[in-house]
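What follows is each chain in one-letter form.
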Amino acid sequence: MPISSTAPTDLWLRGVAANPGAPADVLLRLLDPAAGEARRILCEERCLPDEVVDALVTHPETKLRRSFGHNPHVSPAQRGRLVGDPHSLVRAAVAGGPRPRPRQVLPLPDDVLITLLTAEDSCERVLLRAGEILQELAFSHQMSPSFRYRMRGHEHPAVRATATGVWGRLTAEERHALVTDPHPDVRKAAEYCVREADPAAMEAEIPDRGHYRWLILSSYALSDAVVEEAMADPESRWSIAGNPYTPADAVVRLAHDTDPGVRRRIASRADLDPALWAELTQDPDESVRTRARVQPLPRTTEECRAVDHELSEAASRDGDCLCFVLERHTEPDPDWYRACAGSEEVLLRLAAASCATLPADLVARLAQDPHEEVRHRLASWHPLAPAETVLAAFVARPLQRPHLLTQSRLPRTGLAHLLDHEDPEVRALAAADPTLGQPPVRLLTDPDQRVRRAAAGNPLFAGDAVEALLHDPATAEGAAANPGLPAARLHELLDRAGVPR
């Protein structure tokens, strides 16, 4: 068993910084430079009481404020308090979002987003300009589609222009209002969306190679000349096979392409002619037949996208869905999801399990689904997923664990049956269970330090037992994180580590 060579006082500091039972006056002491690495743990790796948040957002050290700006364990509103920070790197941390980025990124409050969108550069030198900070925001997933839609009539043009990012949600009247907006920046953003539906404009813009070429071929309007050019290239044929603007005659030709991947893309279109759909259900390639069969006509673009998502996830990472759990720009009709929950097709039940608004009776049904991946998808996506379903997903799917650990639905008690599990992450979860009946003594010598740390932090260890653990390098950090330690003892540990009162 490897033993830490770190000084016991440093281990105590790290443990106290992570201690969920440490009161605010203890945690505030850890903002002193004498706390060393514990300061980073405090700022980045835990939720914090309001008094500590108050101290951090006004702390004189930029490094600490920036660390707090990336903290994935605090609320967006708490991080958003730094939106007016005098240092551009701190504002960029708020705009860039939590690090590491969680699968479920929560949107920033409206007032914080508006402040970022309307910020202007001052004449003083800064490391990042306002536009660069907005680029951080654009890739952070912290600006939801519903925010963009709500802002379509905002008084500030920079905010109003964000509504063009949900062009598909807007009515004809709302689009017209943006196209004829009195501010040129809003009109420019809206005109770009209009141009995407203009075949001649897209033909003039399409490059010979690169991501923008792929984007046009996959999503934007196509002239006859561009279609014919694309038909001569296998990769381009795959792209236009999924483009909603691809003309009907080209769709028929692509449905008979020699590449089953192209035919599968055609089979996923919402605008298929019934005769062509029937033909594809008899395709010689099983994946093409399946893609056509699982969605009889009529079907909408949103429904097709939901099923395509499940197909792409099934083809990657052995079925582990690691995509972001975010508000979607457009959703299928709720009745469609309800019908999917009762379908015989696994792909459709997977789509239903990914719908966070599915009603409780159907959640209970999918929690008993015979297909393991349906149950695991439900555990990751739905706020009403039963605790036993979430725990089973945690045990079976290591790649899902970072996300599941952030969910209140993951059980933290009743885990005695997992104490001898072969996976150390599972043993660590069980080792922290405060309802085990007796302290998990045997796990204090576990070969994995995560298990030892979790066991030593179990509040079932108290008095002389936890004191002994504090003086063992193998368990000192976990013991200092034990929520059963009284505040007076935590202060003593900081005193011995040389942290000022």
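Residues numbered from 1 in each chain as written. Predicted model: local features only at pLDDT ≥ 70, side-chain atom pairs only at ≥ 80, totals over all residues. Heavy atoms only, no water.

> Please clarify how the overall build of the chain should be interpreted in this entry.
The secondary structure content of the chain amounts to 33 helices and zero strands. Across its three principal axes, the chain shows a C-alpha extent of roughly 80 × 60 × 40 Å. Within the chain, the proportion of its 501 residues that are buried is 47%. A separation threshold of at least 6 residues defines the contact pool for the chain, and within that pool the share at least 24 residues apart is 51%. Put simply, the chain shows about 23,700 Å² of open surface, and 55% of that area lies on carbon and sulfur atoms. Separation between the mean location of the 57 positive side-chain charges and that of the 74 negative ones in the chain comes to 3 Å. (Helix = DSSP H or I, 4+ residues; strand = E, 2+ residues; numbered from the N terminus. Buried < 20%, exposed > 50% of the residue type's maximum accessible area, 1.4 Å probe, protein only. Contact = heavy atoms within 4.5 Å. Areas by Shrake-Rupley, 256 points an atom, 1.4 Å probe, with all protein chains shown as cover. Lys, Arg positive; Asp, Glu negative; His and termini not counted. Charge placed at Lys NZ, Arg CZ, Asp CG, Glu CD.)

> What should I look at first to understand helix α29 (residues 424-431) in this one?
Since the α-helix turns once every 3.6 residues, residues separated by three or four places project in the same direction. Of all eight residues in α29, seven are buried; the element is thus mostly enclosed. Listing the buried residues of α29 in full gives P424, V426, R427, A428, L429, A430 and A431. Check the buried side of α29 and you find it contacts α27 (387-396), α28 (401-404) and α30 (449-456). The distance from a side-chain oxygen at the start of α29 to the backbone nitrogen of E425 is 2.9 Å, and the residue carrying that oxygen is D423. (Polar contact = N/O pair within 3.5 Å; in protein donor to acceptor, adjacent residues only side chain to side chain.)

> I'm lost on the pattern of salt bridges in this one. Help?
Oppositely charged side chains are able to pair whenever their charged atoms sit close together. Under the counting rule described, the total for this entry stands at 38 salt bridges. Measuring nitrogen to oxygen at the nearest pair gives 2.7 Å for the salt bridge that ties D110 to R150. Taken together, the positions of D110 in helix α8 (residues 110-118) and R150 in helix α10 (residues 145-150) put the pair 40 residues apart, joining distant regions of the chain. With relative accessibility at 29%, the residue D110 sits in the partly exposed group. A residue is classified by how much of its surface remains accessible, and R150, at 42% relative accessible area, is partly exposed. Between D448 and R450 there is a salt bridge whose closest N-O contact spans 2.9 Å. (Salt bridge = Lys/Arg side-chain N within 4 Å of Asp/Glu carboxyl O.)

> Is there a simple way to think about the packing of aromatic side chains in this case?
Between two aromatic rings, the relevant description is the distance of the centres plus the angle of the planes. Within this structure, the stated rule accounts for one aromatic pair. The ring of F394 has R401 sitting right over it, with the charged end atom 5.2 Å from the ring centre. (Phe/Tyr/Trp six-rings, centres within 6.5 Å; stacked < 30°, edge-to-face > 60°. Lys NZ or Arg CZ within 6 Å of the ring centre and 35° of its normal.)

> When you look at the layout of surface pockets in this model, what are you seeing that I'm missing?
As a volume, the second largest pocket reaches approximately 400 Å³. Around the second largest pocket, the lining is made up of 20 residues, and of these L117, L134, A158, A161 and T162 lie nearest the centre. At the level of elements, α8, α9 (130-138), α11 (157-160) and α13 (184-195) are the ones that each hand at least two residues to the lining of the second largest pocket. With five residues, α9 is the single largest residue contributor to the lining of the second largest pocket. The residue inventory of the lining of the second largest pocket, partitioned by class, reads eleven nonpolar, six polar and three charged. (1 Å grid on protein atoms, 1.4 Å probe; cavity = no way out; pocket = protein on both sides within 12 Å on 5 of 7 lines; lining within 4 Å. Points joined across faces, edges and corners; volume = space filled by probe spheres on them. Nonpolar A, V, L, I, M, F, W, Y, C, P; charged D, E, K, R; others polar.)

> Looking at this model, I keep getting lost on the packing of helix α1 (residues 8-18) against helix α33 (residues 487-496). Mind explaining?
To characterise two packed helices, one gives the angle between the axes of the helices and the distance between these axes. Viewed as axis vectors pointing N to C, α1 and α33 meet at an angle of 140°, and their least axial separation amounts to 9 Å. As judged from the angle between their axes, α1 and α33 are oblique. When the axes of α1 and α33 are compared, the crossing they make is left-handed. Touching T9, W12, L13 and V16 of α1 are L490, L493, L494 and R496, all from α33. In the contact of α1 with α33, the residues fall into six nonpolar, one polar and one charged. (Axes fitted to C-alpha atoms, helices over the stretch in contact; angles between N-to-C directions. Parallel < 35°, antiparallel > 145°, perpendicular 65-115°, else oblique. Left-handed = near helix turned anticlockwise from the far one by under 90°.)

> What is the right way to look at the environment of P459 in this model?
Positionally, P459 belongs in the loop between α30 and α31 (464-470). Along the backbone, P459 and L485 are 26 residues apart, and their C-alpha atoms lie at a distance of 8.2 Å. Excluding residues within four positions of it along the chain, P459 makes contact with P434, N482, P483 and G484.

> When you look at the side chain of R452 in this model, what are you seeing that I'm missing?
Here R452 lies in helix α30. For the buried R452, which has no salt bridge, the nearest side chain bearing the opposite charge is D446, at an N-O separation of 5.9 Å. Of the polar contacts made by the side chain of R452, one reaches the backbone oxygen of D446; its length is 2.9 Å.

> Would you mind showing me how to read the packing of helix α5 (residues 62-69) against helix α7 (residues 88-96) here?
At a minimum axis distance of 8 Å, the contact between α5 and α7 shows a crossing angle of 10°. Between α5 and α7, the angle is such that the two are roughly parallel. Between α5 and α7, the residues in contact are T62, R65, R66 and G69 and L89, V90, A93 and V94, respectively. When grouped by side-chain class, the residues that make up the contact of α5 with α7 number four nonpolar, two polar and two charged.

By themselves, these observations are geometric and do not establish any function.
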